[in-house]
Amino acid sequence: MRMKEMLAAGIVLSMGIQLFCACSKEMPYEENKVYVGVTYYNQSDTFLNQLIASLKENLQEYEGNGYEISILIRGAGGSQRTQEDQVKELIDSGCNVLCVNLVDRADPSEIIDLARETDVPIIFFNREPVAEDMMQWDRLYYVGAFAEQSGIMQGELAVEIIQSDPLVDRNKDGKIQYVILEGEAGHQDAIIRSESVVETLKSHEIEIEKLSNGIANWNRAQAQNQMLQMISQHQNRIELVLANNDDMALGAIDAYEKLNYTESALPVFLGVDGTDVGLEAVRDSKLAGTVYNDKEGQAEAMAELAVALVSGTGMEKIKFQDKKYIYLPYMKVTKSSVDRFMRR
């Protein structure tokens, strides 16, 4: 499984630097030629690498249906300025539809202006722009999921575990001491996931005590460092680790493994996303569960929408919310159900 993940990431990155795109601004516009330009916030993001690899696979399926498909992929390295330059490059290369995972979801105006000037539609994905920005132009779309649902489901997983296993409350004080590993400071999904998971625990009358939280920027290594600090501060008091994504949950596990904690002394770990490594950790009982972010469904929706926008056909078949949004549901994953998700 790890080899599969590395291969998928390698494919995505190599597409960003090689001649996988036939985009050329000298080429005349043709309805059956779909030249997709993709830019995403950070090429080290495990979930996005897998989503984009799935997007490539979905787009290739249209080649057998009379379409010429090309794709050019760029990672912005966390820089909004770089991403804006990449959008200009993709448009100048002749790409006739853009898929944009924003570095800064609150500042897409420059990107929107560049696309509107050349009438190139944008499919934002995974990082949802604010509603006001989505209204700037009628050729802006979004594909993703509801962040609140992921937090609720993570909370429900925690409730099920706590209610079924009294040993989770290791110190027998009637409360569950927990910490949260958050994605980014000020990031909408991180805030909503963190708030909704806690509210879900409270709504099920689970007594909880927050010990700490740390910003780990969706990153496994940063999460390990944050978790090491929390363990140093709270020692064996931590009974539940709630992470905004699988990579951070795995980073927390890495911290305990580095300190040679025995299995009986470990807290419960929960993630979000259902990446390949996350599912593998659930299967191996390292993660108690995760919440599956349907990357395959999102990739399929993005491919269908991209082709429809360029060809002018098929838009009537797409199920939008408010004419601009496509949301895929999250799903809870436990050890009993993980095999089904690993086969997706």
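Up top is the structure.
Every value quoted in this text rests on a predicted model; they were computed, and no experiment measured them.

What to know about the overall build of the chain
Across its full length, the chain holds 12 helices and 12 strands. The C-alpha atoms of the chain give a radius of gyration of 21 Å, which matches the 20 Å a tight globule of 344 residues would have. The proportion of buried residues among the 344 residues of the chain is 57%. Taking the intrachain contacts of the chain between residues at least 6 apart in sequence as the baseline, contacts between residues at least 24 apart amount to 75%. Total accessible area on the chain is roughly 15,000 Å²; 48% of this is exposed by carbon and sulfur atoms. Between the averaged position of the 33 positive side-chain charges in the chain and that of its 54 negative side-chain charges there is a distance of 3 Å.

Comments concerning the sheet that holds strand E4 (residues 122-125)
Reading across the sheet, the six strands line up as E2-E1-E3-E4-E5-E11 and stay open at both edges, with parallel pairing between neighbours. Because the sheet does not close on itself, it has two edges, and the strands there are strand E2 (68-75) and strand E11 (325-327). In this sheet, neighbouring strand axes are inclined to one another by 15 degrees on average, regardless of whether the strands run parallel or antiparallel. Where strand E3 (residues 97-100) and E4 come together, three bridges link them in parallel fashion. Opposite Val100, over in E4, you have Phe124 as the bridge partner. Seen against the sheet, helix H2 (residues 46-61) touches strand E1 (33-40), E2, E3 and E4 and runs at an angle of roughly 180 degrees to E1.

So, unusual backbone geometry
Phi at Asn126 takes a positive value of approximately 70 degrees, unusual for a residue other than glycine. Following the sequence through the fold, Asn126 ends up in the loop between E4 and helix H5 (131-134). The phi dihedral of Asp322 falls on the positive side, at around 55 degrees, and the residue is not glycine. For Asp322, a relative accessible area of 68% corresponds to the exposed category.

Notes on helix H8 (residues 220-234)
Given a rise of 1.5 Å per residue, 15 residues ought to cover 21 Å, and the 21 Å separating the end C-alpha atoms of H8 matches this to within 8%. When H8 is considered as a whole, its buried residues turn out to be Ala223, Gln224, Met227, Met230, Ile231 and His234. Projection of H8 onto a plane perpendicular to its axis shows the buried side chains occupying an angular sector of 125 degrees, all on one side. Exposed residues pointing more than 90 degrees away from the buried face of H8 are listed as Gln229, Ser232 and Gln233. Among the structural elements, strand E6 (176-182), strand E7 (208-215), strand E8 (240-243) and helix H9 (246-258) are those in contact with the buried residues of H8. N-capping of H8 is provided by Asn219, with a side-chain oxygen placed 3.0 Å from the backbone N of Ala221. Two residues or fewer past H8, Gln235 is found with a positive phi of approximately 55 degrees.

Rules used throughout
- Numbering of residues begins from 1 in every chain and follows the order in which that chain's sequence is written.
- The predicted nature of this model means local features are confined to residues of pLDDT at least 70 and side-chain atom pairs, given and counted, to a pLDDT of 80 or more, with totals for whole chains, interfaces and linings taken over all residues.
- Note that water and hydrogens are dropped before the side-chain values are worked out from all heavy atoms of the structure.
- Segments assigned H or I by DSSP are reported as helices when at least four residues long, segments assigned E as strands when at least two residues long, and all are numbered from the N terminus.
- Here the globule rule is a power law, 2.2 Å times the number of residues to the power 0.38, and the radius of gyration is based on C-alpha atoms.
- Accessible area is worked out with a 1.4 Å probe on protein chains only. A residue is then buried under 20% of its type maximum, exposed over 50%, and partly exposed in between.
- Note on contacts: a residue pair is in contact if any heavy atoms of the two residues lie within 4.5 Å.
- The protein chains shown are the only cover counted for residues, whose accessible areas, like all others here, come from Shrake-Rupley with a 1.4 Å probe.
- The charge count treats Lys and Arg as positive and Asp and Glu as negative. His and the chain ends do not count.
- Lys charges are placed at NZ, Arg charges at CZ, Asp charges at CG and Glu charges at CD.
- Paired strands are those between which DSSP finds at least two bridges.
- Note on geometry: axes are C-alpha line fits, over the in-contact stretch for helices, and angles between N-to-C directions span 0 to 180 degrees.
- Each helix should span, by expectation, one fewer than its residue count multiplied by 1.5 Å.
- Here, the arc refers to the directions that run from the helix axis to the C-beta atoms.
- Side-chain atoms alone can form a polar contact between residues adjacent in sequence; in general such a contact is a pair of N or O atoms within 3.5 Å, and within protein one must be able to donate a hydrogen while the other accepts it.

Limitation: the analysis is restricted to geometry and does not speak to function.
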